[in-house]
Amino acid sequence: HGTSKVNNQNHLEIGGVDTIELAKKYGTPLYVYDVALIRQRARQFKETFAEEGVEAQVAYASKAFSSLAMFQLVNEEGLSLDVVSAGELYTALLAGFPKERIHFHGNNKSYEELEYAIKEKIGCIVVDNFHEIALLEELSKKHSWKVPVLLRVTPGIEAHTHDYILTGQEDSKFGFDLKNGQGDKAVAHAFHSPYLDLLGIHCHIGSQIFEVTGFVMATRKLFEKIASWKDELSFVPRVLNLGGGFGIRYTSEDTPLPPSQYVREMVTEIKSQAEKLTIEIPEIWIEPGRSLVGDAGTTLYTVGSRKHIPNVRDYVAVDGGMSDNIRPALYEAKYEAALANRMNAPHEEKVSIAGKCCESGDMLLWDIELPKVESSDILAVFCTGAYGYAMASNYNRMLKPAVVFVENGEAQLVIKRETFEDLVRNEVGLKSKV
Ligand code: LLP
């Protein structure tokens with residue numbers, strides 16, 4: 001998919017660049033991003049909204065993968081940006097990302113984080129709770145700026161996905177509950193507050209979602225509420241943000257819809273609900289993370305040791321693991337892989353790919369078919385672009401890998417591999433006893 005293909009040397013090529021050359025030049029583990037594919041995904045979302053003739057913002061959920069280069073790319077494609085910490089905000093501003101297109105999320109933004117965002121006058125703050133409303137009103141007074149906000153609500157919709165990544169259901173740490181009146185109270189307060197400019201409502205029902213039903217149900221729930229806010233407060237949202245969560249295909253078991261289809265059905269529902277209420281169609285915002293970068297990322301590893309357990313399993317170990325991709329260990333996430341240096345070789349054995357961290361759970365893939373795997377082979381694991389590098393750690397003092405962007409036959413190093421010096425940069429040894 002994307003610009004990936006097998007070249008005449010039987011190597012995996014991405015963006016017109018031979019991945020074996022990349023592994024030689026930059027070392028492994030290496031994250032490789034297919035920039036053309038990211039652009040294509042971004043344009044699909046934007047074009048679908050344009051075809052539907054509605055005002056929209058597509059905000060990249062930067063938690064999926066953030067870096068200066070990524071933020072520059074997102075800006076080149078004219079997307080907005082969802083940040084969830086002062087760290088992401090700092091990186092975005094350093095990348096020159098337009099402030100007015102940055103949205104700030106999070107269930108426990110600190111006073112300092114909010115003040116940072118307000119001083120920079122970013123596009124909007126997605127308010128999560130009453131504590132945050134109080135902080136924002138105080139900061140609005142201090143800086144004499146009416147803060148543009150969305151209110152995040154929990155519509156009580158469960159999306160079908162892994163439990164750990166459900167955020168839209170009622171029992172969630174995020175947002176104002178719609179069922180017990182919290183949402184109504186927050187809307188009334190924010191709408192009347194001289195310190196807040198209530199742009200609209202936000203909800204996010206989960207991640208890696210394959211069906212559009214959840215989004216449609218969430219939309220209906222929101223409109224039930226909008227009807228009552230319109231009657232009781234004369235508040236009509238200018239913006240409706242339905243979050244992210246559009247699923248991608250990691251393995252053949254996954255059956256996502258094309259990204260445009262989620263958008264199309266969502267827009268259709270919003271249009272018809274708005275018509276019923278005789279209100280203007282609100283601006284529609286979405287926050288895709290995974291679906292913009294997930295399948296554009298490939299991780300390259302070098303194969304090292306093996307362990308054969310007769311009648312049980314063959315373990316093949318690579319030079320990375322849970323330190324660069326914790327998703328298999330954390331969510332039992334599944335991936336597909338191939339030998340990048342022998343792409344067309346017939347499959348001859350079933351192996352399980354182990355990482356090199358000191359933990360039995362450090363496995364990347366179970367029971368996959370590959371050609372006879374040898375030490376020094378380059379293993380490519382596909383679809384690692386979202387929540388891979390972003391969730392990497394220094395467990396076992398592993399060095400975070402390098403990241404390269406490839407496009408039109410050119411490779412650009414966008415994040416350097418960590419060094420041993422990086423590992424101890426912030427450390428202070430014991431004072432010597434004299
Ligand atoms: N908006 C909000 C408010 C979110 O909480 C999230 C993801 C997104 C947008 C983007 O969702 P996406 O389009 O990427 O599904 N670490 C997990 C995923 C956590 C998602 C957290 N929130 C994983 O590796 O699967």
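Because the structure is a prediction, the values reported are computed rather than measured.

Q: Pulling in residues and values, what's your account of unusual backbone geometry?
A: Note the cis peptide between Thr28 and Pro29, where omega equals -5°. On the secondary structure map, Pro29 appears in the loop between helix H1 (19-26) and strand E4 (30-34). The phi dihedral of Asn10 is positive, around 70°, even though this residue is not glycine. If you trace the backbone, Asn10 turns up in the loop between strand E1 (5-6) and strand E2 (12-14). Owing to 14 C-beta atoms within 10 Å, Asn10 belongs among the partly exposed residues under this scheme.

Q: Quick one: what's the story with the packing of helix H2 (residues 35-52) against helix H9 (residues 259-276), residue by residue and with numbers?
A: The interhelical angle for the contact between H2 and H9, taken along N-to-C directions, is 25°, at an axis separation of 9 Å. Our classification of the angle between H2 and H9 gives roughly parallel. Like other packed secondary-structure pairs, H2 and H9 cross with a definite hand, here right-handed. Residues Arg41, Gln44, Phe45, Thr48, Phe49 and Glu52 of H2 pack against Pro259, Ser260, Val263, Arg264 and Val267 of H9.

Q: Give me the lowdown on the UniProt feature "binding site: substrate" (unreviewed entry) in the protein, citing residues and values where you can.
A: The residues that UniProt annotates with the feature "binding site: substrate" (unreviewed entry) are Arg290, Arg327, Tyr331, Glu359 and Tyr387. Judged by maximum C-alpha separation, these annotated positions cover 98 residues in sequence and are scattered in space, the widest gap reaching 27.1 Å. Discounting residues that sit within four places of it in the chain, Arg327 has contacts with Ala333, Tyr387 and Gly388. Its location among the elements puts Glu359 in the loop between strand E17 (349-354) and strand E18 (363-370).

Rules used throughout
Residues numbered from 1 in each chain as written. Predicted model: local features only at pLDDT ≥ 70, side-chain atom pairs only at ≥ 80, totals over all residues. Helix = DSSP H or I, 4+ residues; strand = E, 2+ residues; numbered from the N terminus. Buried ≥ 20, exposed ≤ 12 C-beta atoms within 10 Å, placed from the backbone. Axes fitted to C-alpha atoms, helices over the stretch in contact; angles between N-to-C directions. Parallel < 35°, antiparallel > 145°, perpendicular 65-115°, else oblique. Left-handed = near helix turned anticlockwise from the far one by under 90°. Contact = placed C-beta atoms within 7 Å. UniProt positions renumbered as here; feature names shortened; annotations may be inferred.

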